[in-house]
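# Descriptive analysis of the structure
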Amino acid sequence: MNTLTRRLYAARAQQGSALPAPARAAAPNPTAPAAASARPAASVAADGSDPLAAYRIAREPYWRAVADEVALYEAAYAVRMPMMLKGPTGCGKTRFVEYMAWKLGKPLITVACHEDMTASDLVGRFLLDANGTRWQDGPLALAARHGAICYLDEVVEARQDTTVVIHPLTDKRRMLPLEKKGEVIEAHPDFQLVISFNPGYQSLMKDLKQSTKQRFGALDFDYPEHEVEAEIVAHESGVDRDTASKLVHIAERARNLKGHGLDEGISTRMLIHAGSLIAQGVPALSACRMALVRPITDDADMRDALDAAVTTYF
Ligand SMILES: Nc1ncnc2c1ncn2[C@@H]1O[C@H](COP(=O)(O)OP(=O)(O)OP(=O)(O)O)[C@@H](O)[C@H]1O
Ligand SMILES: [Mg+2]
């Protein structure tokens, strides 16, 4: 237990009801899914409203299973293991976590991390209003207090001093100290933290500390094999399977150029863009140039090589 936590616990013990009560009374047992599922699905605010209503996923997101990722994630959630989703841009990490949140029936709070993000942006801050100051939970506190899956997208973008606020939440303690408020939130049993991480962008300056990494289980994501990716592109964009398959062939050519003049290959997301344009009636050549080639490189030779790949198929 660190000094802050010890201090907050001591303060809570001394002041009793002067400090806000944690979101629930009993200490969490993250390895007891039966107990967790016996609790009410929604946390209810004092006025009877559901504080996580905005974060519930009403409709099933489309997810084409690629391997055993769904079963593995379910097992991880059952023991509330914090999860790290690794993989290149546009390969399905965000869609997967949306799907899993829907499947598990849990709200999902997503935070896009960036280098100016502070710990207060995650945990919360006091706001000034007409009645004085009022505490506003940040997304991490909201998720921990009421029981959501909190997804920190591109977590390496955040400064390391920001990422350490997740440490006490992602080990056996499962708690979030709100230093400014003098409160320790004991995480709701439904709470889980998920982070995403693109190993390709990682540099020495931008990597997670081992002490952060070692709190998580990890799932690797990549562009799926040809037929599966074509199925996804056809489903998401509305083009026929044959056209989707041609788009995937172009992407595979570009992915082979990664590290040989291209920083990153053509993603599934880009293929869906191209397919959507084609489905709108845009000629395939123009659609591919606009959605696949022009965005990823300004190098004239590389553009020629990619344009040639496009004309091979369209
Ligand atoms: N297995 C899949 N099942 C269904 N859709 C998929 C799958 N893989 C990729 N997609 C599609 O690819 C699109 C892009 O994926 P997504 O936005 O989840 O990428 P990402 O890995 O989160 O990228 P980034 O790292 O840039 O945030 C999704 O909107 C979805 O349409
Ligand atoms: Mg994403």
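Attention in this report is confined to the structure presented alongside it. None of these values were measured; they are calculated from a predicted model.

### Brief notes about the site of ligand 1
Close to ligand 1 lie 19 residues, the nearest being Thr89, Gly92, Lys93, Thr94 and Arg95. Among the elements of the structure, α4 (93–104), α9 (226–237) and α11 (268–279) are those that each provide at least two residues to the shell around ligand 1. When grouped by side-chain class, the residues that make up the shell around ligand 1 number six nonpolar, seven polar and six charged.

### Thoughts on α11
Taking 1.5 Å of rise per residue, the twelve residues of α11 would be expected to cover 16 Å, and the 16 Å separating its terminal C-alpha atoms lies within 8% of that figure. Counting buried positions over the twelve residues of α11 gives nine, a clear majority of the element. Taken together, the buried positions of α11 are occupied by Thr268, Met270, Leu271, Ile272, His273, Ala274, Gly275, Leu277 and Ile278. At the C-terminal side of α11, Gly281 shows a positive phi close to 100°.

### Regarding the pairing of strand β4 (residues 132–137)
In terms of strand pairing, strand β3 (residues 124–129) meets β4 through six bridges, oriented antiparallel. Paired with Leu127 across the strands is Arg134, a residue of β4. Hairpin connection between β3 and β4: a loop of two residues separates the two successive antiparallel strands.

### Notes on the nonpolar core
Counting 50 residues, the largest nonpolar core has Ile109, Ala144, Ala148, Cys150 and Leu176 as its most contacted members. Contacts of Leu176, omitting those with residues within four sequence positions, involve Val123, Leu140, Ala141, Ala144, Pro168, Leu169, Ile185 and Ala187. In this structure, Ala254, Leu271, Ala287 and Val310 belong to the second largest nonpolar core, which totals 26 residues.

### Some points on the packing of helix α10 (residues 241–256) against helix α13 (residues 300–313)
Two numbers describe how α10 lies on α13: the axes approach to 9 Å, and their chain directions differ by 150°. In this view, α10 runs roughly antiparallel relative to α13, as classed from their interaxial angle. Note on packing geometry: the crossing formed by α10 with α13 is right-handed. Every residue of α13 that contacts α10 at Lys246, His249, Ile250, Arg253 and Ala254 is listed here: Leu306, Ala309, Val310 and Tyr313. Classifying every residue of the contact of α10 with α13 by side-chain character gives six nonpolar, one polar and two charged.

### Quick notes on the sheet that holds strand β1 (residues 83–86)
The five strands lie next to each other as β2-β5-β8-β1-β9, forming an open sheet whose pairing is parallel. The sheet is open, and its two edges are formed by β2 (108–112) and β9 (217–220), each paired on a single side. Going across the sheet, the axis of each strand differs from the next one's by a mean of 20°, ignoring polarity. In the sheet, strand β5 (residues 149–153) pairs with strand β8 (residues 192–197) via four bridges, with the strands oriented parallel.

Criteria and cut-off values
- Residues numbered from 1 in each chain as written.
- Chains lettered and ligands numbered in written order.
- Predicted model: local features only at pLDDT ≥ 70, side-chain atom pairs only at ≥ 80, totals over all residues.
- Near = placed C-beta within 6 Å.
- Helix = DSSP H or I, 4+ residues; strand = E, 2+ residues; numbered from the N terminus.
- Nonpolar A, V, L, I, M, F, W, Y, C, P; charged D, E, K, R; others polar.
- Expected span 1.5 Å × (residues − 1).
- Buried ≥ 20, exposed ≤ 12 C-beta atoms within 10 Å, placed from the backbone.
- Pairing = 2+ DSSP bridges.
- Core = buried A, V, L, I, M, F, W, Y, C linked by C-beta atoms within 7 Å.
- Contact = placed C-beta atoms within 7 Å.
- Axes fitted to C-alpha atoms, helices over the stretch in contact; angles between N-to-C directions.
- Parallel < 35°, antiparallel > 145°, perpendicular 65-115°, else oblique.
- Left-handed = near helix turned anticlockwise from the far one by under 90°.

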